Amino acid sequence: MLDAVLELEIDGRRHRVRAGERCTFGRGDGVDVVLAHDHGLHRHCGTIEVVADGWDLHNAGRWLQLRVVALGRPGFDSLPPGETLRVPWA
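Attention in this report is confined to the structure presented alongside it. (Residues numbered from 1 in each chain as written. Predicted model: local features only at pLDDT ≥ 70, side-chain atom pairs only at ≥ 80, totals over all residues. Heavy atoms only, no water.)

1. Some points on the pattern of salt bridges
Thinking step 1. Overall, the coordinates contain 7 salt bridges when judged by the stated rule.
Thinking step 2. Its salt-bridge partner being glutamate 49, residue arginine 22 comes within 3.7 Å of it at the nearest N-O pair. One end of the pair, arginine 22, is in strand β3 (residues 22-26); the other, glutamate 49, is in strand β5 (residues 46-51), and 27 residues separate them in sequence.
Thinking step 3. Here aspartate 56 ties to arginine 86 by a salt bridge, and the two come within 2.4 Å at their closest N and O atoms. On the criterion of sequence distance, the pair formed by aspartate 56 in strand β6 (residues 54-59) and arginine 86 in strand β9 (residues 84-88) is long-range, its members being 30 residues apart.
Thinking step 4. A relative accessible area of 17% means that aspartate 56 is categorised as buried. (Salt bridge = Lys/Arg side-chain N within 4 Å of Asp/Glu carboxyl O. Helix = DSSP H or I, 4+ residues; strand = E, 2+ residues; numbered from the N terminus. Buried < 20%, exposed > 50% of the residue type's maximum accessible area, 1.4 Å probe, protein only.)

Put into structure tokens, the structure is as follows:
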């Protein structure tokens, strides 16, 4: 894949992360993408790093699990705090 891009859509806004780039997400200042302002959410929930063959999702939180749900297929992957998941391109 020559131009690997992950596109995130949150509240109608699109964020593009290209191969070799990283994106942080959470609830507050200091992250690239703000998911919500709920104090039950970590300030820095996680990091996404796009690579040529997919993307890595790292759960930077202390107590919340992240869930990756693929569109068009049943099931999901759950990511405990401190762990990283490689998500290959479809």
